[in-house]
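Okay, here's what each chain looks like letter by letter:
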Amino acid sequence: MTRLRVNPKIPEGINSSAENPLKEFLWLLAGVVTTLVLAVLLFSVLAQWLAPLIPFRWEQAVTELFEQQLNEESPLNEEPPREPETAKDVASREGATAHINPAVPEMRLDEVDLFPAAALALQELGERLLRSQERSAARPSEHIQYHFHLLAETTPNAWATLGGHIFVTTGLLSVTRSENALAMVLSHEMAHVNHRHPIQSLSRGALVQFLLLAVSGGQSASALNSVLGQAGLLTMSSFSRDMEREADAAAVQVLLSHYGHLQGADEFFQQMLSEHGDSRWREWTQTHPNLAARIERLKSQGAIVMTDSGGESQGKGAPALTPLDPRLGAIVTAP
Amino acid sequence: MEALLQLGVFLTLLLCGYVFGRRAERKHYQSIFQREDELRHIVVTTERVPEPEFLQHRFHLVNGSVVISVDYFKVVAAGLRSLIGGRITAYESLLDRARREALLRMQEQARTMGAETIINTKFETSRVSGNAGQGLGSMEVLVYGTALIPVGGRT
């Protein structure tokens with residue numbers, strides 16, 4: 001047997017493929033993302049149908065547990081000092097909050113109810129709105145109970161969470177000049193509770209997390225997990241925007257029944273718009289519909305003269321705004 | 001906004017991985033083809049026993065090792081593939097390059113010793129800078145064999 005004098009030339013393409021990897025990559029990505037988005041859609045629709053069937057009592061049972069904890073942790077009990085629990089922690093624990101302002105602020109829960117008079121005024125306004133809600137087309141289902149809380153926090157925000165708990169920050173009171181604007185925000189949050197949105201978000205979030213875990217649990221590519229998570233989140237936030245629109249529409253019904261007009265309802269939105277601006281092109285990444293569209297929708301439903309910034313250009317035909325309760329107004333001037 | 005930012009970072013990394021990874025791969029293959037032709041006379045076999053004509057030759061251990069990093073694009077492509085199954089072609093070309101480069105380095109070493117041939121060639125591969133489930137990994141290929149050097153050749 002004669003030995004080789006030179007190494008043979010081995011043909012290419014046996015151990016590696018000459019095909020452009022981009023082609024394979026795009027096919028894979030399209031397939032996986034499409035499947036995932038479809039699955040998230042399916043789960044979201046399921047959550048939307050089934051979550052409202054969960055009895056409201058169960059929601060309340062969950063939040064009662066939390067309220068007990070909160071009372072134990074209150075500074076009155078003279079316990080050794082500990083890290084103050086923030087509302088954000090609680091919100092993430094409860095998993096489901098429907099914010100009017102998507103930026104979640106840090107809040108100390110031990111500041112809850114520092115303003116008893118204002119909190120009472122808020123409660124009374126809520127109850128008046130509830131009676132109007134009962135008269136309006138957006139009738140609440142039975143067993144729903146609302147609890148209104150005032151939080152000392154400068155960021156204007158309001159949100160509803162499990163068990164019918166509605167939180168309003170003092171920062172929101174400082175940017176609203178009329179009761180109508182506050183009533184719009186409150187009715188919006190009450191509509192979230194009424195439509196069982198918090199429990200829907202919670203169920204949807206839990207299902208989607210479960211799905212993502214099931215898909216990516218066995219593997220290590222963190223980058224991939226992040227892109228799959230993004231696809232899931234973007235799909236979910238479209239549902240979240242639908243909820244906001246639904247709550248806006250219900251709030252309009254309540255306001256019409258309560259005041260007979262929609263004057264001042266857009267005040268808070270206008271305020272947020274002038275402060276933060278708006279961007280139509282990135283609406284699809286947000287949990288809330290863009291502000292201009294919400295204002296536009298309000299105007300078309302109101303079918304009346306609406307002021308641009310809550311009172312400056314009140315025309316002859318515009319109905320008068322109801323002034324803010326002095327107890328609520330007092331907070332604004334307080335340091 | 002946060003979602004958009006993350007998506008942007010991801011796409012940028014992906015694009016960088018693709019552009020630079022492709023460029024590196026193309027250049028590497030060019031270099032491999034060229035050097036394989038240059039070193040074709042250093043015959044590499046897996047024969048364990050030397051041919052009778054080499055019985056008077058000196059022998060020496062030669063080895064070549066190479067470490068190649070995975071790029072971001074390949075990681076993501078492989079991650080997607082692992083959801084479905086099948087050939088991870090992105091890694092196949094990486095392994096192919098590493099194996100051939102290691103052989104070339106061993107041949108290069110044998111040439112500087114004046115060797116005619118290398119027998120008993122073995123391959124080993126391992127993952128270095130083991131990524132422990134995150135980040136990018138890189139792979140090592142080690143090839144070693146026995147160089148047979150004619151007496152009177154260079155040392």
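What counts, and where the lines are drawn
- Residues numbered from 1 in each chain as written.
- Chains lettered and ligands numbered in written order.
- Predicted model: local features only at pLDDT ≥ 70, side-chain atom pairs only at ≥ 80, totals over all residues.
- Heavy atoms only, no water.
- Helix = DSSP H or I, 4+ residues; strand = E, 2+ residues; numbered from the N terminus.
- Buried < 20%, exposed > 50% of the residue type's maximum accessible area, 1.4 Å probe, protein only.
- Contact = heavy atoms within 4.5 Å.
- Areas by Shrake-Rupley, 256 points an atom, 1.4 Å probe, with all protein chains shown as cover.
- 1 Å grid on protein atoms, 1.4 Å probe; cavity = no way out; pocket = protein on both sides within 12 Å on 5 of 7 lines; lining within 4 Å.
- Points joined across faces, edges and corners; volume = space filled by probe spheres on them.
- Nonpolar A, V, L, I, M, F, W, Y, C, P; charged D, E, K, R; others polar.
- UniProt positions renumbered as here; feature names shortened; annotations may be inferred.
- Salt bridge = Lys/Arg side-chain N within 4 Å of Asp/Glu carboxyl O.
- Pairing = 2+ DSSP bridges.
- Axes fitted to C-alpha atoms, helices over the stretch in contact; angles between N-to-C directions.
- Expected span 1.5 Å × (residues − 1).
- Parallel < 35°, antiparallel > 145°, perpendicular 65-115°, else oblique.
- Polar contact = N/O pair within 3.5 Å; in protein donor to acceptor, adjacent residues only side chain to side chain.
- Left-handed = near helix turned anticlockwise from the far one by under 90°.
- Patch = residues over 30% accessible without salt bridge, like charges linked within 9 Å, V, L, I, M, F, W, Y side chains within 5 Å.
- Lys, Arg positive; Asp, Glu negative; His and termini not counted.
- Charge placed at Lys NZ, Arg CZ, Asp CG, Glu CD.

S.K.: A description of the overall build of chain A should follow, citing residues and the corresponding values.
M.R.: The helix and strand inventory of chain A stands at eleven helices and four strands. Across the 335 residues in chain A, those meeting the buried criterion constitute 48%. A separation of at least 24 residues holds for 74% of the contacts in chain A among residues at least 6 apart in sequence. Looking at chain A as shown, the accessible area adds up to about 16,600 Å², and 59% of this sits on carbon and sulfur atoms.

S.K.: Break down empty space enclosed by the protein for me, with residues and values.
M.R.: Residues and elements named next belong to chain B. For the structure shown, the criterion picks out three cavities of 30 Å³ or more. Within this model, the second largest cavity holds a volume of roughly 70 Å³. Counting only elements with at least two residues in the lining of the second largest cavity, the list comes to helix H1 (2-38) and helix H2 (72-84). Within the lining of the second largest cavity, the residues separate by chemical class into four nonpolar, two polar and four charged.

S.K.: So what's going on with the UniProt feature "transmembrane region" (unreviewed entry) in chain A? Residues and values would help.
M.R.: Under the UniProt annotation, "transmembrane region" (unreviewed entry) lies at residues 25-47 of chain A. A helix fraction of 100% and a strand fraction of 0% characterise residues 25-47 of chain A, whose end C-alpha atoms lie 32 Å from each other.

S.K.: Any chance you could break down the pattern of salt bridges for me, citing the residues and the numbers?
M.R.: Pairing is possible between side chains of opposite charge, provided their charged atoms come close. All names here are of chain B. Counted according to the given criterion, the structure contains 20 salt bridges over all chains. With its nearest N and O atoms 2.8 Å apart, the salt bridge here joins Glu 25 to Arg 97. Pair noted here: Glu 25 is in helix H1 and Arg 97 is in helix H3 (residues 89-112), with a separation of 72 residues, a long-range link. Residue Glu 25 is classed as buried on the basis of its relative accessible area of 11%.

S.K.: How would you sum up the sheet that holds strand E3 (residues 117-128) of chain B? Please name residues and give values.
M.R.: Residues and elements named next belong to chain B. With mixed pairing, four strands are arranged side by side in an open sheet as E1-E3-E4-E2. The outermost strands of the open sheet, each flanked by one partner alone, are strand E1 (43-44) and strand E2 (58-69). For E2 and strand E4 (residues 138-149), the ladder comprises twelve bridges, and the chain directions are antiparallel. Paired with Arg 58 across the two strands is Ile 149, which belongs to E4. Here H3 sits on the sheet in contact with E1, E2, E3 and E4, set at roughly 150 degrees to E2.

S.K.: Go over H2 of chain B with me, naming the residues and quoting the values.
M.R.: Residues and elements named next belong to chain B. Taking 1.5 Å of rise per residue, 13 residues should cover 18 Å, and H2 covers 19 Å from first to last C-alpha, within 8% of that figure. H2 sits mainly inside the fold: ten of its 13 residues count as buried. Taken from the residues just after H2, Gly 85 is the one with a positive phi, measuring 100 degrees.

S.K.: Give me the lowdown on the environment of Thr 63 of chain A, citing residues and values where you can.
M.R.: All names here are of chain A. Counting through the fold element by element, Thr 63 comes out in helix H2 (residues 56-72). Taking relative accessible area as the criterion, Thr 63 reaches 2% and is therefore assigned buried. Measuring from C-alpha to C-alpha, the distance between Thr 63 and His 165 comes to 8.5 Å, with 102 residues separating the pair along the chain.

S.K.: How would you explain the packing of H2 of chain B against H3 of chain B if you had to name every residue and give the values?
M.R.: Angle between the axes and distance between the axes are the two parameters that describe a pair of packed helices. All names here are of chain B. As a packed pair, H2 and H3 sit with axes 8 Å apart at the nearest point and diverge in direction by 130 degrees. What the angle tells us is that H2 and H3 run oblique. Mapping the contact onto sequence places Lys 74, Val 75, Ala 77 and Ala 78 in H2 and Ala 90, Tyr 91, Ser 93 and Leu 94 in H3. Here the residues of the contact of H2 with H3 sort into six nonpolar, one polar and one charged.

S.K.: Got a sec to walk through unusual backbone geometry? Specific residues and values, please.
M.R.: A positive phi angle, close to 60 degrees, is found at Arg 196 of chain A, a residue other than glycine. With respect to the helices and strands, the residue Arg 196 of chain A is situated in the loop between helix H6 (179-194) and helix H7 (197-216). For Arg 196 of chain A, a relative accessible area of 8% corresponds to the buried category. Of note, the phi angle at Asn 120 of chain B is positive, near 55 degrees, even though the residue is not glycine. On the secondary structure map, Asn 120 of chain B appears in strand E3.

S.K.: Explain the layout of surface pockets to me, and be specific about the residues and the numbers.
M.R.: All names here are of chain B. In this structure, the second largest pocket encloses a volume near 610 Å³. Of all elements in the fold, only H1, H3 and E3 reach the threshold of two or more residues within the lining of the second largest pocket. Counting residues per element, the lining of the second largest pocket draws most heavily on H3, which supplies six residues. Of the residues contributing to the lining of the second largest pocket, the split by class is nine nonpolar, eight polar and eight charged.

S.K.: I'd like a rundown of the environment of Tyr 259 of chain A, residues and numbers included.
M.R.: Residue and element names in this part refer to chain A. By the element assignment, Tyr 259 lies in helix H8 (residues 222-259). In this view, Tyr 259 contacts Leu 125, Glu 179, Asn 180, Ala 183 and Thr 322; residues no more than four positions away in its chain are not counted. At 2.6 Å, the side chain of Tyr 259 and the side chain of Glu 179 are in polar contact.

S.K.: Help me get a handle on the pairing of strand E2 (residues 147-151) of chain A, residues and values and all.
M.R.: All names here are of chain A. Judged by how many residues are buried, E2 sits mostly within the fold: four of five residues are covered. With five bridges connecting them, E2 and strand E4 (residues 165-169) associate as parallel partners. Within E4, the position partnered with Leu 151 by the bridge is Thr 169.

S.K.: Give a description of the packing of helix H4 (residues 116-135) of chain A against H6 of chain A that names residues and reports values.
M.R.: Residue and element names in this part refer to chain A. In the contact formed by H4 and H6, the axes pass within 10 Å of each other and the chain directions differ by 65 degrees. Taken together, the axes of H4 and H6 lie roughly perpendicular to each other. Judged by the sense of rotation from one axis to the other, the crossing of H4 with H6 is right-handed. When H4 is examined against H6, the residues Leu 122, Leu 125, Gly 126, Arg 128, Leu 129, Leu 130 and Gln 133 are found in contact with a partner set consisting of Glu 179, Leu 182, Ala 183, Leu 186, Ser 187, Met 190 and Asn 194.

S.K.: Before we move on, can you summarise a positive patch on the surface with the specific residues and values?
M.R.: Residues and elements named next belong to chain B. On the surface, Arg 22, Arg 23, Arg 26 and Lys 27 cluster together into a positively charged patch. As for its placement among the helices and strands, Lys 27 is situated in helix H1. The exposure class assigned to Lys 27 is partly exposed, which follows from its relative accessible area of 49%.

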